[in-house]
Amino acid sequence: MLSKNALKTKNGRLLAFSLLYLSEGIPFGFSAIALATHLRMSGVGLTEIGLFTASLYAPWGLKWAWAPLVDLIEFKRFGSKRTWIAGAQAAMIGTLGIVVFFDYSANIQLLTTLIVIHNIFAATQDVAIDALAIKVLPENERGIANGFMFGSSYLGQAIGGSGALLIAGKFGFALSFPFVLLMLILILFFVTLRLQEPASEVIDKAVSHEGVAREIINTLKQFFKELFQGFFKSGTGPIAGVIFSLLPFGALALGLVLGSALQVDLGMNENQIAKLTMLGTIFAASGCVLGGWISDRVGHRKALGAWYVLTTIPTFFLARQFTGIDGTAGVTIDMFFYVSIAYSFASGLVQGTSTAVFMGLTSPAVAATQFTGYMALHNFVYSYSSLWQGKYADLHGYAKVLFMDGWIAFIPLILLPFLKPRKQSAEST
């Protein structure tokens, strides 16, 4: 059981945010891995499964649209961010629990609708957790904290995906739902509801019935003022961060559709792909924690630059192994296996450290809106990178895509000197 004073100590903060991110990974892994696998085994078509899978990601790319609500609507009695997190978790439990009561294999449209709603609440929870982290984490803890957070998310996906499939294999898939729901309920009652969020600096004041509209207008004015200051009155970092978030975060090809396609073209079977996925997750999670720990000691921007370069090493190495323009000649399954593991580790190093950098650019007063904006742009990189890499691979083969992907990874390094943490004084202007 989490201590009520957990957010007041370093170890408590690391544990609390790790468990909160675990609650994000569990249902996502269950939906994306276990449930999608079960649907295919039940004879559901690829088109329906494709739509179902797309529904998992859509709310995460659009969460910026409602993120300002987390900043604007405060629940002072129980802690604003804690209330948002607890409410979202309860809604996640409720939407996933409904699925237990109908035949989801025969009602794929209803299942997809519920999963969309479920992920809207999951994305909202993520916004509130990140806003709370920005509020309570000191700068010298952001690297290691984000490392543990994203490592826990990976672990949660393994629990919700692989763990649920193991339960299904022994006791039937129907029991995998109670397994996942139990995990979420335990985190809600023994972690989230026990948090004591630091008191807000906003002073409560009585508002007459006639003054409600004026109070809303004043709140909105203050919000937009803080947002403007957060981006334009806090030094070069926040604006440079917008451009930086739109650029690739290291070499990406081996972690996107190109890496998945290579697995198939090399002739890897399902067991080999499953093993590679599991080990890749473990190494990525380890990279998250180690990268964050190192970055807190040497500086977040310095470490991030080094991690970006490290992602290019396995990328360039594999690119040089291809002996022909088309196909996979020159690359073996064993070679690809170890290169992928190395890449997963380097990618994990980037994950925790890059998030710490963006937290340093964000104003706590509008944390949900500003930080979510950075992350939404960051997620957009996956989209356009997958698009150009797929088309370029069809035209020129794997090797040229990998070489280009590796060289492009050096472009964002130009902006690193400008990603200075926001000026603290801007909040009081």
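Residues numbered from 1 in each chain as written. Predicted model: local features only at pLDDT ≥ 70, side-chain atom pairs only at ≥ 80, totals over all residues. Heavy atoms only, no water.

(A) Main features of the overall build of the protein chain. Scanning the protein chain from terminus to terminus reveals 15 helices and 0 strands. Looking at the protein chain as a whole, 50% of its 429 residues are labelled buried. By sequence separation, contacts in the protein chain at least 24 residues apart represent 84% of the contacts at least 6 residues apart. Here the protein chain displays about 19900 Å² of accessible surface, and carbon together with sulfur accounts for 66% of that area. (Helix = DSSP H or I, 4+ residues; strand = E, 2+ residues; numbered from the N terminus. Buried < 20%, exposed > 50% of the residue type's maximum accessible area, 1.4 Å probe, protein only. Contact = heavy atoms within 4.5 Å. Areas by Shrake-Rupley, 256 points an atom, 1.4 Å probe, with all protein chains shown as cover.)

(B) Structural detail: the confidence of the model for the protein chain. Model confidence for the protein chain is summarised by a mean pLDDT of 83, while 90% of its residues fall at 70 or above. Here helix α8 (residues 212-232) stands out as the least confident element of the protein chain, with mean pLDDT 70; helix α12 (residues 300-321) is the most confident, with 95. Residue range residues 202-209 is modelled with pLDDT below 50. Its contacts to residues more than four positions away, or to other chains, number 6 contacts. Low pLDDT (under 50) marks residues 425-429, which in the prediction has 10 contacts with non-local residues, meaning those over four places away or in another chain. (pLDDT = per-residue confidence, 0-100.)

(C) Up close: empty space enclosed by the protein. With the rule as written, the count across this model stands at 2 cavities of 30 Å³ or more. Reported here for the second largest cavity is a volume of approximately 30 Å³. Looking at the second largest cavity, the residues that line it are Ser23, Gln89, Met92, Ile93 and Leu184. The element contributing the most residues to the lining of the second largest cavity is helix α4 (residues 80-99), with 3 residues. Of the residues that constitute the lining of the second largest cavity, the class distribution is 3 nonpolar, 2 polar and no charged. (1 Å grid on protein atoms, 1.4 Å probe; cavity = no way out; pocket = protein on both sides within 12 Å on 5 of 7 lines; lining within 4 Å. Points joined across faces, edges and corners; volume = space filled by probe spheres on them. Nonpolar A, V, L, I, M, F, W, Y, C, P; charged D, E, K, R; others polar.)

(D) Just a nonpolar patch on the surface, in detail. A cluster of nonpolar side chains, contributed by Leu182, Ile185, Leu186, Phe189, Phe190 and Leu193, occupies part of the molecular surface with about 500 Å² of accessible area. If you trace the backbone, Leu186 turns up in helix α7 (residues 176-190). Exposure remark for Leu186: the relative accessible area of 36% places this residue in the partly exposed category. (Patch = residues over 30% accessible without salt bridge, like charges linked within 9 Å, V, L, I, M, F, W, Y side chains within 5 Å. Salt bridge = Lys/Arg side-chain N within 4 Å of Asp/Glu carboxyl O.)

(E) The arrangement of the pattern of salt bridges in detail. Per the stated rule, a full pass over the model turns up 3 salt bridges. Of the charged contacts, one joins Glu141 and Arg13 as a salt bridge, the two residues approaching to 2.7 Å between their closest N and O atoms. Linking Glu141 in the loop between α5 (108-136) and α6 (142-171) with Arg13 in helix α1 (residues 10-41), this pair joins segments that are 128 residues apart in sequence. Take Glu141: its relative accessible area is 6%, and that puts it in the buried class. Exposure remark for Arg13: the relative accessible area of 10% places this residue in the buried category. With a shortest N-O distance of 3.1 Å, Glu197 and Lys135 are connected by a salt bridge. Of the two residues, Glu197 sits in the loop between α7 and α8 while Lys135 sits in helix α5, which places them 62 residues apart along the sequence.

(F) Structural view of α6. Here α6 contains 30 residues, and its C-alpha end-to-end distance of 41 Å stays within 8% of the 44 Å for a straight helix at 1.5 Å per residue. After α6 finishes, the residue Gly172 shows a positive phi value of roughly 100°. (Expected span 1.5 Å × (residues − 1).)

(G) Summary view of the nonpolar core. If you look at the biggest cluster of nonpolar residues, it comprises 111 residues, and the most contacted ones within it are Phe17, Phe30, Leu35, Leu111, Leu318 and Phe336. The dominant element in this core, judged by the number of residues it contributes, is α5, at 14 residues. Sequence-distant contacts of Leu35, defined by excluding residues within four places in its chain, comprise Phe30, Phe52, Tyr104, Leu111, Ile115, Phe173 and Phe177. (Core = buried A, V, L, I, M, F, W, Y, C linked by side-chain atoms within 4.5 Å.)

(H) Layout of the packing of helix α13 (residues 333-361) against helix α14 (residues 367-396). The interhelical angle for the contact between α13 and α14, taken along N-to-C directions, is 140°, at an axis separation of 9 Å. Taken together, the axis directions place α13 and α14 in an arrangement best described as oblique. For α13 against α14, the interelement crossing comes out right-handed. Taking contact as the criterion, the partners of Gln351, Ser354, Thr355, Phe358, Met359 and Leu361 in α13 are, on α14, Gln370, Phe371, Tyr374, Met375, His378 and Tyr382. (Axes fitted to C-alpha atoms, helices over the stretch in contact; angles between N-to-C directions. Parallel < 35°, antiparallel > 145°, perpendicular 65-115°, else oblique. Left-handed = near helix turned anticlockwise from the far one by under 90°.)

(I) Broad picture of helix α15 (residues 398-408). Three or more residues of α15 are buried, namely Tyr398, Ala399, Val401, Leu402, Asp405 and Gly406. For α15, the arc enclosing every buried residue in end-on projection is 165°, short of the 170-degree limit, so these residues lie on one face. (Arc of directions from axis to C-beta.)

(J) Spotlight on the packing of α12 against α15. Orientation of α12 relative to α15, taken along the N-to-C sense of each, is 155°, at an axis distance of 8 Å. Here α15 runs roughly antiparallel to α12, going by the angle between their axes. Between α12 and α15 lies a crossing whose hand is left-handed. Residues Thr312, Thr315, Phe316, Leu318, Ala319 and Arg320 of α12 form the contact with α15, whose participating residues are Ala399, Leu402, Phe403, Asp405, Gly406 and Trp407. Of the residues contributing to the contact of α12 with α15, the split by class is 7 nonpolar, 3 polar and 2 charged.

(K) Spatial organisation of the side chain of Thr311. Within the secondary structure, Thr311 is located in helix α12. Within the structure, the side chain of Thr311 is placed 2.8 Å from the backbone nitrogen of Ala251, a separation counted as a polar contact. Separated by 2.6 Å, the side chain of Thr311 and the backbone oxygen of Tyr308 make a polar contact. With sequence-adjacent residues up to four places away left out, Thr311 is seen in contact with Gly250, Ala251, Tyr343, Ala346, Ser347 and Val350. (Polar contact = N/O pair within 3.5 Å; in protein donor to acceptor, adjacent residues only side chain to side chain.)

(L) Summary view of the packing of aromatic side chains. Under the defined criterion, the tally for this structure stands at 14 aromatic pairs. An angle of 50° between the planes, with centres 6.1 Å apart, marks the rings of Phe244 and Phe358 as tilted. Taken together, the positions of Phe244 in helix α9 (residues 237-245) and Phe358 in helix α13 put the pair 114 residues apart, joining distant regions of the chain. The exposure classification of Phe244 matches that of Phe358, with both residues buried. For the pair Trp388 and Tyr392, a centre-to-centre distance of 6.0 Å together with 70° between the ring planes defines the contact as edge-to-face. Of this pair, Trp388 and Tyr392 both sit in helix α14, 4 residues apart, roughly one helical turn. A network of ring pairs unites the aromatic residues Phe244, Tyr308, Phe358 and Tyr374 as a single cluster. (Phe/Tyr/Trp six-rings, centres within 6.5 Å; stacked < 30°, edge-to-face > 60°.)

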